[in-house]
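The chain contents come next:
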Amino acid sequence: MKFDIVVVGAGPAGSSAAITAAKGGAKVLLLERGPEPGSKNVSGAMIRLDDFSSVYDVSSIPIERKVKNVDLILLSDSNRTRISVNVESNLATAARLKLDKWMAQQAEKAGAILITKTTVLGVEREGNEYKVETDRGEVRADRVVLAEGVNALVSMKANIRPDLTPDNAVQTVKEVYSLNKDEVNKRFGFKADDEGVSWRILGTDPVPYAGFLYVYKDAIAIGAGIPMKILIKRKITPYTVLDEVKERLGLNDLVKGASLREYSAKVIPEYGFPSWKACSGKVYLAGDAIGLVDPLTFNGIGPAVASGVVAGKASLESYECSKYESELMKNREVRRVVNGRPLVKELVEEENFKYYVKTINDLLHGWVYSDFSKVKLDTSKLLKHLLLGIGVFKS
Amino acid sequence: MRVEEKLYTLRYKKDEQPHLAIIDPNKCLKCEEVNGVPQPCISVCPANVYSWINQRIVISYENCVECGACRIACPYSNISWKYPRYGLGIALRYG
Ligand SMILES: Cc1cc2nc3c(=O)[nH]c(=O)nc-3n(C[C@H](O)[C@H](O)[C@H](O)COP(=O)(O)OP(=O)(O)OC[C@H]3O[C@@H](n4cnc5c(N)ncnc54)[C@H](O)[C@@H]3O)c2cc1C
Ligand code: SF4
Ligand code: SF4
């Protein structure tokens, strides 16, 4: 079988590439290894609704709840601070199985053909076309989009990019507890069934981690991401860290009586494009496959959709690599992740991370007690990171 | 709750063919000398897939949640890491 474009992976990046190319009139095949789109995918899933509107019909987007508050929780050894940011619109929680299925369905409606339960094993150039080898046989295409997520085996095998290392990967674990809707509303004090909240937790003990809590319609998701090199160095497992987080935040009480419905894990990339190539010949990479996640906020779906759209366009119009990579850099979502990397790299360093969580905690506690004697300002550190931060805000 | 109990919440369809394998057991011995126990693959795995028994890594591949961490963590690139075939392995409800 021969297609204009084969897209590997029906996650946010792949479906966005497929719908873009299919809308442009190309004959598109979207291949997904899971039994259905989303069934292999893990994320918190706080989404920004605006991220989808450029390519999808968002009137039918399957959200769980609208996020009314994002709570930032800082936990250092001695202090705890909680800041609640009121959200006017645009943020929602979504479950990946429903969200990814919805995106893939819209790609199908636009004319793409979706085949699931099929894992792509490799892509090889043969003359002017590509042979896409799968565990169910081979297909051919003029152009290929690799939107295979963080474990980009095909992109690595084709030598387009290297593997991640423990220095630039975060390991996350997540638990989902199910409860009925009324009980969820009661425990969080929600006044309506569609009201929701997200927590972002930055903690320093027993090791530095970034935690999260998301509220689904009838479930609560809790998770934590820990830099992989810290797990290795401290010889601690990710679930031990998550258990500690739950303990320290009293989350066991919050989910009391609820049953654990799902336990999952996934790596988050902290490195990638433009240090890595995003393209080779007429093969275009997008999303987590080129590391487009902000690891401090776990925002990866927005950049995946945005880069997927660019890849869809690139495959439709047969971009040269230089053009594809410059179009990626022109995209705001992509640029934000890329420009944030130097700062993120600094902030996830154990010493810096601990410093900021503790200092912000001490500052706020100092303000409350009107006693700033505990606050230790490291001006050279602050200045360095401020300068890096300005680069992010300007992008 | 033990990890093994948490894993019971997952829907698995087992691929009869293991999707994970140790390439060279001698490298794991070396790894133990250098890193001690638990070795990196054991520390990062959320599903207790790897155990160090009688100076060998034993793999319970059917517990794997397909996160990808062990491959990245292994300092000797000693894990042959593939996806289960035909979409077998885990299937999540929430994700
Ligand atoms: C715990 C956690 C919490 C997160 N929270 C958030 C959040 O709240 N908000 C947010 O925006 N982002 C969040 N992220 C990040 C977000 O999940 C990712 O950035 C996003 O899913 C990337 O999309 P993608 O399409 O590039 O890759 P993926 O979503 O990983 O999709 C890749 C797809 O390709 C398929 N695939 C892979 N290899 C093959 C192959 N060889 N053959 C066929 N199919 C293949 C996979 O099954 C999958 O469906 C979170 C991540 C984690 C791990
Ligand atoms: S980390 Fe790699 S080399 Fe070390 S024990 Fe595990 S598989 Fe073997
Ligand atoms: S992929 Fe993840 S769950 Fe599977 S063995 Fe490796 S670390 Fe463990």
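The structure this text deals with has already been given above.
As the structure is a computational prediction, the values presented were derived from the model and not from experiment. Residue numbers restart at each chain and count upward from 1, following the sequence in its written direction. Note on labels: chains are lettered from A, ligands numbered from 1, in written order. The predicted nature of this model means local features are confined to residues of pLDDT at least 70 and side-chain atom pairs, given and counted, to a pLDDT of 80 or more, with totals for whole chains, interfaces and linings taken over all residues. The side-chain values count all of the structure's non-hydrogen atoms but skip hydrogen atoms and water molecules.

*Asks:* Which residues make up the site of ligand 2, and what values go with them?
*Replies:* Residue and element names in this part refer to chain B. Taken together, 13 residues sit near ligand 2, with I22, C28, C31, C41 and C74 positioned nearest. Secondary structure elements follow DSSP: runs of H or I no shorter than four residues count as helices, runs of E no shorter than two count as strands, and numbering proceeds from the N terminus. Residue assignment for the shell around ligand 2 shows that the elements contributing at least two residues are helix 2 (25-35) and helix 3 (40-44). Element by element, the count of residues in the shell around ligand 2 is highest for helix 2, at three residues. In this classification, the charged set is Asp, Glu, Lys and Arg, the nonpolar set is Ala, Val, Leu, Ile, Met, Phe, Trp, Tyr, Cys and Pro, and all remaining amino acids, among them Gly, are polar. Per-class residue counts for the shell around ligand 2 are 10 nonpolar, two polar and one charged. Working definition: residue near molecule or strand if any one of its non-hydrogen atoms lies within 4 Å of it.

*Asks:* Please provide a residue-by-residue account of the pairing of strand 15 (residues 259-269) of chain A, values included.
*Replies:* All names here are of chain A. In terms of burial, strand 15 is a largely internal element, nine of the 11 residues being buried. Pairing analysis gives 10 bridges linking strand 11 (residues 169-178) to strand 15, with the strands arranged antiparallel. Looking across to strand 15, one finds that V173 is bridged to A265. Burial classification: accessible surface area is computed with a 1.4 Å probe over protein chains only, and a residue below 20% of its type maximum counts as buried, one above 50% as exposed, and the rest as partly exposed. Any two strands with at least two DSSP bridges between them are considered paired.

*Asks:* Give me the lowdown on the nonpolar core, citing residues and values where you can.
*Replies:* Considering soluble globular proteins, one finds that nonpolar side chains tend to be buried as a cluster. Grouping buried Ala, Val, Leu, Ile, Met, Phe, Trp, Tyr and Cys residues that are joined through side-chain atoms within 4.5 Å yields what is termed a nonpolar core. Residues F188, W199, L213 and M228 of chain A together with Y50 of chain B are the most contacted members of the largest nonpolar core, which totals 70 residues. Ranked by size, the runner-up nonpolar core spans 66 residues in total, among them A13, A17, A94 and V154 of chain A.

*Asks:* So what's going on with the interface of chain B and chain A? Residues and values would help.
*Replies:* Contact between two residues is taken to exist if any of their heavy atoms lie within 4.5 Å; hydrogens are not considered. Counting residues at the interface gives 40 residues for chain B and 49 residues for chain A. Summed over both partners, buried area is the accessible surface (1.4 Å probe) that two parts give up on being assembled. Of the roughly 3700 Å² buried at the junction of chain B and chain A (both faces included), carbon and sulfur atoms supply 55%. Area buried by chain B at its contact with chain A is led by I72, Y83 and Y94 of chain B, which between them contribute 23% of it. The term salt bridge refers to a side-chain nitrogen of Lys or Arg lying within 4 Å of a carboxyl oxygen of Asp or Glu. Residues R71 of chain B and D163 of chain A are paired through a salt bridge, measuring 2.8 Å at the closest nitrogen-oxygen approach. N or O atoms within 3.5 Å of each other form a polar contact, as long as, within protein, one can give a hydrogen and the other can take it, and as long as residues adjacent in sequence are counted only when both atoms are side-chain atoms. The interface formed by chain B and chain A includes 27 residue pairs in polar contact (both at pLDDT 80 or more).

*Asks:* Give me the site of ligand 3: which residues, what numbers.
*Replies:* Near ligand 3 there are 13 residues, and of these C45, C64, C67, G68 and C70 of chain B occur at the shortest range. A per-class count over the shell around ligand 3 returns 11 nonpolar, one polar and one charged.

*Asks:* Before we move on, can you summarise the packing of helix 8 (residues 301-316) of chain A against helix 9 (residues 321-330) of chain A with the specific residues and values?
*Replies:* Residues and elements named next belong to chain A. Interaxial distance between helix 8 and helix 9 falls to 10 Å at its minimum, and their mutual angle equals 150°. Put simply, helix 8 runs roughly antiparallel to helix 9. Helix 8 and helix 9 meet at a crossing whose hand is right-handed. Contacts between helix 8 and helix 9 pair S307, V310, A311 and A314 from the former with Y324, E327 and L328 from the latter. In terms of residue class, the contact of helix 8 with helix 9 is made up of five nonpolar, one polar and one charged. Under this scheme, a helix contributes an axis fitted over its contacting stretch, all axes are lines through C-alpha atoms, and angles between N-to-C directions fall in the 0 to 180 degree range. An angle below 35 degrees is treated as roughly parallel, one above 145 as roughly antiparallel, one from 65 to 115 as roughly perpendicular, and anything else as oblique. Helix crossings are classified by the rotation of the near helix relative to the far one: an anticlockwise turn of less than a right angle makes the crossing left-handed, while a clockwise turn makes it right-handed.

*Asks:* Would you mind going over the pattern of salt bridges in detail, with residue names and values included?
*Replies:* All names here are of chain A. Under the counting rule described, the total for this entry stands at 39 salt bridges over all chains. With its nearest N and O atoms 3.2 Å apart, the salt bridge here joins K101 to E36. Here K101 is found in helix 2 (residues 96-109), whereas its partner E36 is found in the loop between strand 2 (28-31) and strand 3 (46-48), with 65 residues between them in sequence. Overall, K101 belongs to the partly exposed group, its relative accessible area being 29%. Given the relative accessible area of 27%, E36 is considered partly exposed. Among the ionic pairs, R140 bridges to E126, the shortest N-O distance being 2.9 Å.

*Asks:* Quick one: what's the story with helix 8 of chain A, residue by residue and with numbers?
*Replies:* Residues and elements named next belong to chain A. Its 16 residues place the ends of helix 8 22 Å apart at the C-alpha level, agreeing with the 22 Å of an ideal helix rising 1.5 Å per residue. Counting buried positions along helix 8 yields 14 of 16 residues, so the element is predominantly enclosed. Once helix 8 ends, the next one or two residues include S318, with phi positive near 55°. Here the expected length of a helix is defined as 1.5 Å per residue gap, with one fewer gap than residues.

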